[in-house]
Amino acid sequence: MDGWQRVFVLHGRPYSETSLLLDLFTENEGRISVLAKGARSRRSNLKGCLQPFTPLLVRWSGRGAIKTLRDADPISLALPLTGSVLYSGLYINELLSRVLEQGTAYPALFFDYLQCLQVLAASEYTPEYALRRFELALLANLGYGVDYLHCAGSGEPVADTMTYRYREEKGFIASLVVDHYSFTGRELKSLATREFPDSATLKAAKRFTRIALKPYLGGKPLKSRELFRQFVRQKPEQKEN
């Protein structure tokens, strides 16, 4: 690639004695892997900038599955994520690394990701609102085309007080059964708008995104959730992402 692209580092790990293997989320080419040769050496000017949550301009080369990093310049300082918010950032990074295919462009999702990080960095409140909106944006970009506003059985618009049970690959069907897969019409409308006016709609959004993301994640647990649980044991007032 000859031109510069805006990117974020999702994850990095040591490679050989002085290099880094990086998982990047790029504006125009989606998720890619690059080898940053010598980035861990004492003389490298890249050592401090190839970190998650730092907006970067990057160039790379190569046609294989793993590209070679040529240049990287930080656009600004790293977004200040600390405490529970840091684990929220690690969570969305791990989501992207796990569910996005390499080399598929998601330009709209790139800005959803940037917006989520900015909200997390600026917010003095629970990160859950930003996380639920990002998860729903991620599902939409993956082609998850569920209709939140109509009953999949009758085609009728959902009613606020009616209960609808989620059926994978079908949608929401009016039902008298109330269980983990059931949502009120009011909760479905909040999913459609990605707005959560109260704790009930926010909890429903978390429950739905867990259900919908499970097929993409498979049975392998998320490392960021385990790290967050360890953090919660020290600060029990926090809530899991």
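Attention here is on the structure that accompanies the text. (Residues numbered from 1 in each chain as written. Predicted model: local features only at pLDDT ≥ 70, side-chain atom pairs only at ≥ 80, totals over all residues. Heavy atoms only, no water.)

A word on the pairing of strand β5 (residues 66-74). Along a regular strand, successive side chains alternate from one face of the sheet to the other. In terms of strand pairing, strand β3 (residues 30-36) meets β5 through three bridges, oriented parallel. Paired with Leu35 across the bridge in β5 is Thr68. As paired strands, strand β4 (residues 56-61) and β5 are joined by six bridges and run antiparallel to one another. Looking at the pairing, Arg59 lines up with Asp71 of β5. In textbook terms, the turn of a hairpin is the stretch between consecutive antiparallel strands, and for β4 and β5 this stretch comprises four residues, one of which, Gly62, has a positive phi near 115 degrees. (Pairing = 2+ DSSP bridges. Helix = DSSP H or I, 4+ residues; strand = E, 2+ residues; numbered from the N terminus.)

Within the largest apolar cluster, 47 residues are counted, with the highest numbers of intra-cluster contacts made by Phe25, Leu96, Tyr113, Phe172 and Phe208. Within the residue set of this core, elements represented by two or more residues are β1 (5-15), α1 (83-99), α2 (107-122), α3 (128-141), β6 (163-167), α4 (185-193) and α5 (199-217). By size, the runner-up hydrophobic cluster in this structure holds 17 residues, among which are Val9, Leu20, Val34 and Leu50. (Core = buried A, V, L, I, M, F, W, Y, C linked by side-chain atoms within 4.5 Å. Buried < 20%, exposed > 50% of the residue type's maximum accessible area, 1.4 Å probe, protein only.)

A rise of 1.5 Å per residue sets the reference length of α3, with its 14 residues, at 20 Å; its end C-alpha atoms lie 20 Å apart and thus fit the reference within 8%. Counting buried residues in α3 gives 10 out of 14 residues, a clear majority hidden from the surface. On its buried face, α3 is in contact with α1, α2, α4 and α5. Taken from the residues just after α3, Gly143 is the one with a positive phi, measuring 90 degrees. (Expected span 1.5 Å × (residues − 1). Contact = heavy atoms within 4.5 Å.)

Let us look at the sheet that holds strand β2 (residues 19-26). Spatially, the five strands close up into a barrel ordered β1-β2-β3-β5-β4, and their pairing is mixed. If you compare each strand with its neighbour and ignore which way they point, the axes differ by 50 degrees on average. Running at roughly 85 degrees to β1, α1 makes contact with β1, β2 and β3 of the sheet. Sitting on the sheet, α2 is in contact with β1 and β2, with an inclination near 75 degrees to β1. (Axes fitted to C-alpha atoms, helices over the stretch in contact; angles between N-to-C directions.)

Between α1 and α3, whose axes approach to 11 Å, the crossing angle comes to 10 degrees. Our classification of the angle between α1 and α3 gives roughly parallel. Across the interface between the two elements, Ser88, Tyr91, Ile92, Leu95, Leu96 and Val99 from α1 touch Leu131, Phe134, Glu135 and Leu138 from α3. For the contact of α1 with α3, the per-class residue count stands at eight nonpolar, one polar and one charged. (Parallel < 35°, antiparallel > 145°, perpendicular 65-115°, else oblique. Nonpolar A, V, L, I, M, F, W, Y, C, P; charged D, E, K, R; others polar.)

Next up on the list: the environment of Gly89. In this structure, Gly89 sits in helix α1. C-alpha of Gly89 to C-alpha of Cys116: the two residues are 27 residues apart in sequence and 8.7 Å apart in space. Not counting the four nearest positions on each side in its chain, Gly89 is found in contact with Phe53, Leu81 and Leu120.

Another aspect to go through is the pattern of salt bridges. Within the structure shown, the criterion is met by 10 salt bridges. Note that Arg132 is salt-bridged to Glu128, the shortest N-O span being 3.4 Å. Of this pair, Arg132 and Glu128 both sit in helix α3, four residues apart, which is roughly one turn of the helix. For Lys189, the salt bridge identified is with Asp160, shortest N-O distance 2.6 Å. (Salt bridge = Lys/Arg side-chain N within 4 Å of Asp/Glu carboxyl O.)

The end-to-end C-alpha separation of α5 is 26 Å, in line with the 27 Å expected for 19 residues at 1.5 Å each. Listing the buried residues of α5 in full gives Thr201, Leu202, Ala204, Ala205, Lys206, Phe208, Thr209, Ile211, Ala212, Leu213 and Leu217. Its buried side turned inward, α5 meets α1, α3, β6, β7 (171-174), β8 (182-184) and α4. Taking the backbone nitrogen of Ala200 as reference, a side-chain oxygen 3.3 Å away marks Asp198 as the first, capping residue of α5. Of the residues flanking the end of α5, it is Gly218, one or two places downstream, whose phi is positive at about 70 degrees. (Polar contact = N/O pair within 3.5 Å; in protein donor to acceptor, adjacent residues only side chain to side chain.)

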